[in-house]
Each structure stands twice: as structure tokens, then as C-alpha cells.
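# A closer look at the structure
Here is how the chains run, residue by residue.
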Amino acid sequence: MEASHPLQVLLQSHLASDVSAVVHVSHVLEQLSPHYFAPSPHLQKWVTRITSLMHSKDPAARWAAICIAYRTSFLSRSLLIDNAQLWLGTLLPLLSKPEPIPILKASIRYSRLVLGVAVNHPEFQRQVAAPAIPRVGSALLTIAEKYDDLDMKTLAIQSLAQLVPIYPSLHKALSPRLFALCNHIFNGAAPQIMGGTLFATAADLYATLHFLGGKVGGAALWRNSLDAVLQSSWTAWLSLRTTFPASAAQLNQQSFGQFQTASGEAGNLPYTETTHDDPTTTAARNLDRLRSGITAICALLRAPVQRPVQVPIGHLVTFCWSLMACTADEEGKPHFDQYVRGAEAATVPHIWMQACRLLSCLAQTTQHLLASNASRLIMIIACRLEKNLEQPQKLAFLRCAYSLLHSCPIVGAQLGLARLVKATISSLSPLYLPESDTEPTPGGSRASKKRRREYQADNVLSTTKAMVCTTTGERDTVFAALDVLNEGMQNTELTPSTRSLASRVLLSILLSLPSIPPSSLSPDPSFHGRVMVRVRDICLESAQGTSYAMSKSTGLVLRSCTSEGIHQDLEMSNKLYSQIDLLLHPRRPPFVRTLPFVESISLSSAEESAEEAASRRSLGLTPGHGETSASSFEQSMAAVQVRPQPMAQDQQTPVAASQQQVSPISIELPLNSDPVVNLRLTEPSAVSFVPLPQVPLPPAPTTPLNPISPLPPSQKTPVTHIPPMVVDEDDNEEIPSIDLDSDSDA
């Protein structure tokens, strides 16, 4: 017996009535596939059934018919072209009627599919799409203006943003309504909550409206739109700083007062002038205006253009710098409303985040054109990261710094780059600093110190420790800090001490991560492996160079080749192969020097420079408390022994080494001393202890020598500093004896 056609089964079993079509619509949509619509006698029955369901009186049946028609047109292009005129003509009246929201959404999606496909079929576009575009556009504008449902409004605006670039000439008559719709959304809706998706959708539509000017006037319309929205953003920001006159004073007439568009006319958005809103909602509404304006600027910068356009980089950089420079600690007016001042101060973190978003987009779109302003932008980002920011603001500044370092060449920013790298190292502190890393208070009674020691001992023996990165934002902050550190170390203007400090921190993280359980690092089990891979890649990139530098990283390269539990894709494998090839076949000759670079050997605090030690102490990278520092110093200096050497009071009176009695030398260390310090000798002595060469001395005299008398108590004890010395093994060789009776001339 021949099997039934799949469409015949669906028609008889699932679409036999309106009720069954609504009940089984999800199953029908899941079962449909392209081979169902091969030429067969059941295709016409299928199309007829869909058309009859569209004319049903039951709204649910009409919704099911539109969904099935959309799926059918998506899977079969021939059925779409053959039946689009019939089905689109049936659905267009539904867009202008007060139909249920599910029916309107399904009708909009089907109309957008049909009108988008018509681009590749000129005759179909002329007969079907061109007559339907004005009606569809007008219906979508009406839905976006009148409906309060955010999903419905967002879908209508998305459809307009997709159709305007395809049919710009057919939408030119609707340009006033399109601009008015965008401006109404950009005006904010506080105290009502307006989602960021609606702002982004309206910004995408606003970024496509320059197509209405054609190829000739499109560039000028794009510049006018950018200038207008930039001016409105300035106004919104100034409305948030009414109690901070210093912010308004830094904007003189040259930067904002006479802000003109490219055509010489000021931008005329409805909210360019300060409005008198309710004082309780003024800050929230102005913040919405600022957020929507920055979203529109980013959309315009990313929008495709038909001809080259002029970007006002100077105005945009000044705007970004002003947003980042504002703080809540500025001196305010002598008389102001405390409520308004508090509301405006609370918006400062949000202003910073919007500034970071705008600067990131500007760096990604303009790239090298931003190089002349990159140094001061890096400096202000570093200054902000040095403060105690909350996690969302810190993540925003780190991502902004990465976009700036990755997309724009940084020249002449040595100081700002060093401060940025140091601040980024502080952001990675959860990975290399223990939880109880705070210094103990020097003051306090003996009982309080005892209680503190008992508490610290209990904390050490505790098996329950808090996770390092509990939220998604904290994990993103770690990865963003690693990205910034990688880009900063690749810059040639980074100081050697800062580069060495960053290399040591990364290497310490890489060595300590395998001993940290993944469960104590983050609730995400894959976070531990991803952090380890990222840190190892950064260490490998910093180690690449000459054969000498790569030879010191052989173990690191080999560990990268055999990563356990980490999936390696093709790109990572090719990168490892290139690193192994660079290790085996260096591209440069080795260094002609006896010692490697400081970042290759400076693995402990005893090998670092003074500048690097100061940077390390400023970041809190200390060995621990005072007792820990002293003990670690004694362990590290165990090999250095200060031995008593024979000494003489007078050159004519030699003293035998066996008869000399010298008391041991005591070393005083401060609690917070750095391991690389000079030794302070406290032994009373009149002369310095200078080691003498081991020369055979004449026999001791028979008369006993008087012992060395100590200094009188009134005399001050001299302080002698002995710098650390490296003992060479060649100096310990015995000196051959000299025969005094021999005659060299003979």
C-alpha cells in the first residue's frame, strides 16, 4: 500500500477544522520541511486551506493560518512568490484594525518576510511590493505610535528599520512621521520604565533615515542628524549638572554655545532646550535622554553610508571627556536644593557608563583618527580605575580601555599607560591576594592582639571559604582586566618596571591557579579553565621574541600543548604550532649579553628595582604582615653569612685571627621593611669590619697583647652600611705562597 503524502496527513488529521488547527498548530510548524512542498497535487489544497483559515471569524484560527503561511513561505520560495499577493492583500487590512496583538505580530513578520524577499525579484517588487510599501509603512507607524505594549512597539520599529534602507524612495513621504517617532522615544518616559531594547531599536531606525536623502543628500542628512542628537545629549547632560557650576563653566562658547550643524543650521530636536519637568522625575528623564542620545550616536557611527561622511571627532571626544570628568564631589552652588543635588549626584556612575559606551564605539569606528586624543583619554580612564569603583563601573571602564588600546594607536601616553596597567593589576587582586590580606592595626592592647591572632588562626583552619567571583559581572571583569593587561604590555611605551611587575603578577597567577579548586573560584565550573588558558596565552605572548627569551619559556610552551580538560579549537592549535616553531627556529639572533632582562629573572622581591618595588607596594603586593616579612627575609638571606674577620688597630700591629674575640652582629629589621635594604649593624665598633685577604701572617709574639677595650659610653655608636655582595667562587682560591728569599732578578 502506498504511503500517504505528508501534506495530506496534516490536512486530514490536524487542519480538518478551525479548532483542530489552533490546537495542533505547533505540531504542524514543527513537522513542516522543504521536501513537503515538492510538486504534488496536494499543494493547491494546502494553499486553499490556509486562505480559508485567514478568513475565519475565529481570531485564533486566523493567527494559526498566518503562522502556517509564514512557515510555508520561509521554506518554499516558489510558494511565496505565487501566493504573496493573495495572502498579503488579506493581511494588510488586519494591520489597520484593532486586532489582537498575536495576530498583529504574526502579520508584521509575514509582511516583512515578503517585502524583504522582493528585492531579488524586480517584477515581483514592481507588482506586489511597491503598492504595499506605503500602506505597510503607515500601518507600522500607527502601531508604534499608539500601542503601549513594548514588544509590539519594538517589533514595528524593527520592521521599519529593515524596510527603510530597502525602499528609501517609497518611505520619503513618511519622513516627518519617522523623525517625530524617534524624537518622541528619545525624549524619555520617566517615571515609566522604558527598556534599553526600545532605545536601541529607535536608534537603529534613526540611523537609517539618512537614506531618505538619496545618494547626494544622504551624507549631509547623516551629519545633520549626528549634530542634532549630539547637541541634545549636551543639553541632557547639562540638565543633570544644574547644582554643579564647575561642569557648566568648562563648556565655553567655542565648544557648546554656538554648536552648529554641518549645513550651518542648529539641530532641532524637540528636547534641545531645557524643559521644566517635575522635580521628582527631572534627573531620571534627563538620564533617559542622555542614554538615548548616546545610543543614537553609536548607531549613526555604525550605520552604513553611501558616500563618505565627515565625523566631528573633536566634538565627540570633548563630550566623552566631559562625561568622564564629572564627579559628585565638585563644589556646588552656595544655595541649592538638597534633593536635586542628591538626585544629580546619584546619576554620576550612570553617566560614566554611558561615556564608556560612547568612547568604545568611537574607538572601534574611527580607529587611528582618534590617535591625537588617545593620551588624555587613557589618562582619565586610568584615574577613574584607580578609584574604588563598583563592579559595573569598573567593567565599563575596563572594556572602554581595551577598545581604545586595541583599535587606536597609543602614542605619547607613557605615564597614563603605566597608571592604567597598575590599576588593571589591582582589578586582578582576587586571583593573587588572599582574603585576609589587610594589614593588622599596630595599636591596641595585648588582649586585642591575642584575640586577633586567635581569629586569624581559626580563619586559616576554616574549610569554608567564599568564592572569588560569584557573579557574572565579576567574571567578566576578570577577563576584561586580562585583555587590558595584554594590550597594555604590547605597547612599546610601557615602562620596564611596570612591564616587569605585570609579568610577575601574571606568572604568579599562572602558578597559583592549578592549586586553587575550581569550586572556590566561581560557581561556573568552566571559569577556572578559561582563566588559566587566557593567562597562559598572555604569558606566551609576552615571552615571544628572541631565542633567548623563548628558551626560558620552554616549559610554558610545552604545558600549553598538553592542556588537560580544555578544548582546543583549530585557531588555538595553529597558534601553539607557531609558538613551537618560533621556539625551535628563532627569527632573531640571541642577545649578546650575560644577563637576561629583568622581567625574565625578577621573580622575587630581592631581584626587583627600586621603582618596581615602589609600584608593588603601592598596589598592595606585599609578602604579608611584619612578622611574615621578617621571616621570609631571614629565609631568603640565610645563605648570606656575616663572618668575623681579623682586624687591626694599627697597620704595624697585626692581630692573629685565632686570638681575636668578636661578638656576634645583630640585624634590626623594621616591621614593614623591604627585602632589598641595607643591613644596619648595631655592634659598637670604632672601625668598619673589612675582610682582609688570607695571607700567611708571621708567628705571634711571646708577649700577650692587650685585648681591645670597648668604647666609652659617651661616644656615639657609628652606623656602618654593608651593601649586599655577590661572592665569586674564584675569590676563594688559595693564593700561592711567596718565597721572600728568592731573587726575582736572578
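Below is a summary of the structure that appears in this document. For clarity, every value in this text was computed on a predicted model and none was experimentally measured.

Across its full length, the protein chain carries 33 helices and two strands. Residue burial in the protein chain is summarised as follows: out of 746 residues, 41% are buried. Taking contacts inside the protein chain between residues at least 6 apart in sequence as the whole, the part at least 24 apart equals 75%. Element-wise, carbon and sulfur atoms account for 56% of the exposed surface of the protein chain, whose accessible area totals about 40900 Å².

With that out of the way, let us pick up helix α11 (residues 196–208). With 13 residues, α11 should reach 18 Å at 1.5 Å per residue; the first-to-last C-alpha distance of 19 Å fits that figure. In this fold, the buried residues of α11 make contact with α9 (150–163), α10 (175–186), α12 (214–239) and α15 (282–302).

In this section: the pattern of salt bridges. Enumeration according to the criterion identifies ten salt bridges in this entry. In this structure, Arg126 and Glu123 form a salt bridge, with 2.3 Å as the shortest nitrogen-oxygen distance. Of this pair, Arg126 and Glu123 both sit in helix α8 (residues 122–146), three residues apart, which is roughly one turn of the helix. Of the charged contacts, one joins Asp524 and Arg530 as a salt bridge, the two residues approaching to 3.2 Å between their closest N and O atoms. By relative accessible area, Asp524 is classed as partly exposed at 24%. Accessibility expressed as a relative area gives 39% for Arg530, which makes it partly exposed.

In this structure, Trp46, Leu205, Leu370 and Ile381 are the most contacted members of the largest nonpolar core, which totals 169 residues. Considering each element in turn, this core owes the most residues, eleven residues, to α8. Trp46 has contacts with Leu7, Leu10, Leu11, Leu15, Val28, Leu32, Phe37, Ile68 and Thr72, leaving out every residue within four places of it along the chain.

Turning our attention to the side chain of Ser33. Within the secondary structure layout, Ser33 lies in the loop between α3 (25–31) and α4 (43–54). A residue is classified by how much of its surface remains accessible, and Ser33, at 15% relative accessible area, is buried. Within the structure, the side chain of Ser33 is placed 2.8 Å from the side chain of His35, a separation counted as a polar contact.

A separate point is the packing of aromatic side chains. The geometry of an aromatic ring pair is captured by two quantities: the separation of the ring centres and the angle between the planes. For the coordinates displayed, the defined rule picks out eight aromatic pairs. Considering the side-chain rings of Phe179 and Tyr206, the 6.2 Å spacing of their centres and the 90° angle between planes classify their relative orientation as edge-to-face. Of the two residues, Phe179 is situated in helix α10 and Tyr206 in helix α11; the sequence distance between them amounts to 27 residues. For Phe179, a relative accessible area of 21% puts it in the partly exposed group. Ring centres 5.9 Å apart and planes at 70° place the aromatic pair Trp234 and Trp237 in the edge-to-face group.

Criteria and cut-off values
Residues numbered from 1 in each chain as written. Predicted model: local features only at pLDDT ≥ 70, side-chain atom pairs only at ≥ 80, totals over all residues. Heavy atoms only, no water. Helix = DSSP H or I, 4+ residues; strand = E, 2+ residues; numbered from the N terminus. Buried < 20%, exposed > 50% of the residue type's maximum accessible area, 1.4 Å probe, protein only. Contact = heavy atoms within 4.5 Å. Areas by Shrake-Rupley, 256 points an atom, 1.4 Å probe, with all protein chains shown as cover. Expected span 1.5 Å × (residues − 1). Salt bridge = Lys/Arg side-chain N within 4 Å of Asp/Glu carboxyl O. Core = buried A, V, L, I, M, F, W, Y, C linked by side-chain atoms within 4.5 Å. Polar contact = N/O pair within 3.5 Å; in protein donor to acceptor, adjacent residues only side chain to side chain. Phe/Tyr/Trp six-rings, centres within 6.5 Å; stacked < 30°, edge-to-face > 60°.

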